[in-house]
Amino acid sequence: MSQHHSSTAQAYSKEVQFSEKTMTEFKNILAKYDSKRSALLPVLHLTQDEFGHLSDEAIVYVAKLMDLSPAQVLEVVSFYHMFHRHPVGQHHLQFCVTLSCWMNGSHQLMKSTCSRLGIRAGETTADGKFSVVGVECLGSCGSAPVVQVNETYYENLTPEKLNRLIASCKDGEPRQP
Amino acid sequence: MSHSTSLVKKTSHGANMRPMAIEQQPLTAEKRLLLEHEHVPGINKIDVYSSKGGYEALKTVLKNKMTVDAIVDIMKKSGLRGRGGAGFPTGSKWSFVPKNDGKAHYLLCNADESEPGTFKDRVILEKLPHMMIEGMIIGSYAIAAKKSYIYIRGEYTYAALAIEKAIQEAYQAGFLGKDILGSGFDHDMYVHRGAGAYICGEETGLISSLEGKKGWPKLKPPFPAVEGYLKSPTVVNNVETLAAVPWIIRNGPEAYAKFGTEKSKGTKMWSVSGDVNRPGVYELECGAPFKALLEDCCGGVRGGKKLKAIIPGGSSAPIVTAEEAYQMTLDYESIASKGSMLGSGGMIVLDETRDLVQVLKNLSEFYADESCGQCTPCREGTGWIEKILHSFTEKQARREDVDLLKNIASNLQGRTICVLADSIAMPVESYLKKFPQEFEKYLKKSTASGTRV
């Protein structure tokens with residue numbers, strides 16, 4: 001996947017370390033499981049929340065915390081779509097492209113968004129504000145088409161609603177259009 | 001004990017989140033057992049849920065010190081079958097767990113709802129979390145599990161948060177934790193978020209993922225009931241299956257089995273999308289006519305168009321022609337008699353204008369993307385199918401490609417660890433068999449010359 005390494009790429013520190021609060025959360029997560037390795041997915045979510053993406057340094061750090069090799073962590077990271085190896089935009093637009101959304105025009109919405117932002121699917125804008133990707137079924141088939149911006153679903157999209165959504169992202173705070 | 005996870009952070013986004021909308025009032029064609037109180041404001045909260053008979057089933061089980069055998073017997077008598085896709089009898093599944101083997105046992109709730117066309121579990125997760133939690137505690141008691149996990153797909157953040165809250169309420173009410181209701185039964189329940197991988201909805205893939213690995217399915221046997229999570233006896237049940245448990249205990253297995261057909265008991269939740277006027281989630285008695293779902297619930301085909309075909313049970317289900325669909329009733333047997341399957345109940349409706357080669361191409365992209373890569377026939381075959389279908393839509397298909405597609409589809413089936421390969425192979429065969437004219441249309445337009453090398 002091609003990425004524009006924008007200013008956000010420099011935003012993370014080489015010194016990867018959890019804050020005290022995150023370290024407490026990490027310990028709470030471990031307590032839920034009868035094997036340490038079982039905590040890997042939630043720990044990776046936690047790490048990505050903390051640092052924005054899972055850099056080489058973050059993977060080495062998690063491997064140490066989890067008593068695993070970096071390779072064992074990397075093979076898990078690369079298996080799951082939600083983990084990012086590179087920084088994504090501040091507003092990460094994930095268009096569902098599977099059947100019910102596709103039948104309701106999701107591809108056109110994604111295409112028009114890309115041309116409006118001047119990027120291709122899989123890329124981030126130069127200012128680091130937006131990235132666009134196509135993703136598989138989000139379980140929103142009855143309220144298709146859907147775009148997920150970071151964690152939040154925006155359903156029953158129309159071109160007008162999508163315009164309002166992107167405008168609200170530009171203003172800093174995405175809103176249900 | 002703390003239940004805080006990274007999810008708590010995400011409440012800051014909460015203002016933008018909203019539960020999915022479904023029809024607020026039951027329709028006459030519906031038979032709402034699970035969704036009976038879905039429209040009641042605040043039903044996601046424990047006090048409202050309890051005021052509608054919630055947690056009565058759990059109290060009945062624990063206060064009467066019901067035996068494991070008695071609970072399994074109730075489930076068997078109810079005829080409840082797994083609602084995730086495979087349709088395996090729930091009581092039998094529970095009965096396979098060894099007794100008094102001294103090992104830890106686990107119950108895993110499969111909330112990895114990822115099958116295209118399927119969004120019914122979301123309603124339970126977001127709006128009726130306590131019904132599922134109550135079912136999980138009863139199921140855990142029946143298989144002597146001290147811990148259970150809800151494996152929820154990573155994208156369902158709103159739902160995960162709703163469940164986290166409901167679990168906290170259940171702890172506060174004494175339905176989780178140590179010595180539940182003075183029964184001596186201890187149980188802890190946790191939410192475990194996936195991270196975006198369709199294959200983790202396959203029960204052994206789910207187990208691998210919960211173990212902190214890639215979501216690679218495992219060879220069976222051994223079955224999870226004997227050797228599952230951390231090599232311990234494990235039951236994996238779908239959200240809708242577990243949510244049916246309290247109703248069955250409360251009303252008795254006979255009351256549940258009174259609904260439905262001989263082999264398909266009770267009700268089924270259907271999530272309908274595609275070319276209909278009112279897409280959504282509807283609960284109908286098993287054996288209800290397809291027409292009741294399409295017309296009475298969904299308001300018929302969108303734009304007054306005619307029906308071309310349906311995909312009845314999630315995108316893995318072979319396609320059913322309009323003619324077959326109108327003869328069909330909504331139960332395991334009737335749908336199987338049309339060469340398809342009830343599956344997850346994720347129905348996609350296709351009107352007369354839909355190009356089925358394009359539809360199949362879209363689905364082939366999904367399966368090629370989501371193949372976990374473990375088995376060669378699936379890793380390679382799903383990609384080949386995708387490429388050949390692309391050659392059709394790009395007017396580069398050759399006449400022999402139809403046979404090539406059939407050949408690949410046939411070689412994929414039964415040759416892999418899990419059924420992901422079958423899940424695209426069976427649709428490919430059905431589209432070719434039932435709608436050959438759609439492929440012929442592209443062959444006539446093709447500009448390809450010569451033969452493939």
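Computed from a predicted structure; not experimentally measured. (Residues numbered from 1 in each chain as written. Chains lettered and ligands numbered in written order. Predicted model: local features only at pLDDT ≥ 70, side-chain atom pairs only at ≥ 80, totals over all residues. Heavy atoms only, no water.)

**Topic: the interface of chain A and chain B**
Right, on to step 1. Contacts between the two partners involve 51 residues from chain A and, on the opposite side, 67 residues from chain B.
Right, on to step 2. When the two sides are added together, the surface that chain A and chain B hide from each other amounts to roughly 4,800 Å², 51% of it contributed by carbon and sulfur.
Right, on to step 3. Contact with chain B buries surface across chain A, with A:Lys32, A:Phe79 and A:Met103 losing the most and accounting together for 15% of the total.
Right, on to step 4. Viewed at the interface, chain B and chain A are joined by 4 salt bridges.
Right, on to step 5. Between B:Lys214 and A:Glu75 there is a salt bridge, with the nearest N and O atoms lying 3.6 Å from each other.
Right, on to step 6. One can count 25 residue pairs in polar contact (both at pLDDT 80 or more) joining chain A with chain B.
Right, on to step 7. Those elements that provide at least two residues to the side of chain A that touches chain B are helix H1 (20-30), helix H2 (40-51), helix H4 (70-79), helix H5 (99-103) and strand S5 (152-154) of chain A. (Contact = heavy atoms within 4.5 Å. Buried area = accessible area lost by both parts, 1.4 Å probe. Salt bridge = Lys/Arg side-chain N within 4 Å of Asp/Glu carboxyl O. Polar contact = N/O pair within 3.5 Å; in protein donor to acceptor, adjacent residues only side chain to side chain. Helix = DSSP H or I, 4+ residues; strand = E, 2+ residues; numbered from the N terminus.)

**Details of the sheet that holds strand S6 (residues 280-285) of chain B**
Residues and elements named next belong to chain B.
Right, on to step 1. The 5 strands are arranged S6-S5-S9-S7-S8 in an open sheet whose pairing can be described as mixed. Taken across any chain shown, the strands that pair with only one partner, and hence form the sheet edges, are S6 and strand S8 (320-321).
Right, on to step 2. Both strand S5 (residues 267-274) and strand S9 (residues 346-351) contribute to a ladder of 4 bridges, which runs parallel. The residue of S9 that forms the bridge with Ser 271 is Gly 346. (Pairing = 2+ DSSP bridges.)

**Considering helix H16 (residues 400-412) of chain B**
Residue and element names in this part refer to chain B.
Right, on to step 1. For H16, spanning 13 residues, the distance from its first C-alpha to its last is 18 Å, which sits close to the expected 18 Å at 1.5 Å a residue.
Right, on to step 2. Of all the residues in H16, the buried ones are Asp 401, Val 402, Leu 405, Ile 408, Ala 409 and Leu 412. Buried positions in H16, seen along its axis, are confined to an arc of 130° and lie on one side of it.
Right, on to step 3. Buried residues in H16 make contact with helix H15 (376-393), helix H17 (420-434) and helix H18 (436-445). (Expected span 1.5 Å × (residues − 1). Buried < 20%, exposed > 50% of the residue type's maximum accessible area, 1.4 Å probe, protein only. Arc of directions from axis to C-beta.)

**Considering empty space enclosed by the protein**
All names here are of chain B.
Right, on to step 1. Per the stated rule, a full pass over the model turns up 5 cavities of 30 Å³ or more.
Right, on to step 2. For the largest cavity, the calculated volume is near 130 Å³.
Right, on to step 3. Lining the largest cavity are 15 residues, and of these Leu 34, His 37, Tyr 49, Met 131 and Arg 250 sit closest to its centre.
Right, on to step 4. Of all the elements, helix H9 (residues 239-251) adds the most residues to the lining of the largest cavity, at 4 residues.
Right, on to step 5. Tallied by class, residues from the lining of the largest cavity come to 9 nonpolar, 3 polar and 3 charged. (1 Å grid on protein atoms, 1.4 Å probe; cavity = no way out; pocket = protein on both sides within 12 Å on 5 of 7 lines; lining within 4 Å. Points joined across faces, edges and corners; volume = space filled by probe spheres on them. Nonpolar A, V, L, I, M, F, W, Y, C, P; charged D, E, K, R; others polar.)

**With respect to the packing of aromatic side chains**
Right, on to step 1. Under the criterion given, the structure shown has 20 aromatic pairs over all chains.
Right, on to step 2. Members of the aromatic cluster, joined through ring pairs, are A:Tyr33, B:Tyr106, B:Tyr149, B:Tyr190 and B:Tyr229.
Right, on to step 3. Stacked on the ring of B:Tyr156, the Lys or Arg B:Arg153 has its end atom at 5.4 Å from the ring centre. (Phe/Tyr/Trp six-rings, centres within 6.5 Å; stacked < 30°, edge-to-face > 60°. Lys NZ or Arg CZ within 6 Å of the ring centre and 35° of its normal.)

**Details of the layout of surface pockets**
Residues and elements named next belong to chain B.
Right, on to step 1. The space that makes up the second largest pocket amounts to roughly 1,200 Å³.
Right, on to step 2. Elements supplying a minimum of two residues to the lining of the second largest pocket: helix H4 (90-95), helix H5 (120-127), strand S4 (234-238) and H17.
Right, on to step 3. In terms of residue count, S4 provides more of the lining of the second largest pocket than any other element does, 5 residues in total.
Right, on to step 4. Its residues placed into classes, the lining of the second largest pocket shows 17 nonpolar, 18 polar and 11 charged.

**Brief notes about the pairing of S5(B)**
Residue and element names in this part refer to chain B.
Right, on to step 1. Counted residue by residue, S5 has 8 buried out of 8 residues, so it is predominantly covered.
Right, on to step 2. Residue alternation in S5 divides its side chains into two sets, Thr 267, Met 269, Ser 271 and Ser 273 and Lys 268, Trp 270, Val 272 and Gly 274, and both sets are buried.
Right, on to step 3. With 6 bridges connecting them, S5 and S6 associate as antiparallel partners. Each residue of the ladder has a partner; that of Trp 270, found in S6, is Tyr 282.
Right, on to step 4. The loop that links S5 with its antiparallel partner S6 comprises 5 residues.

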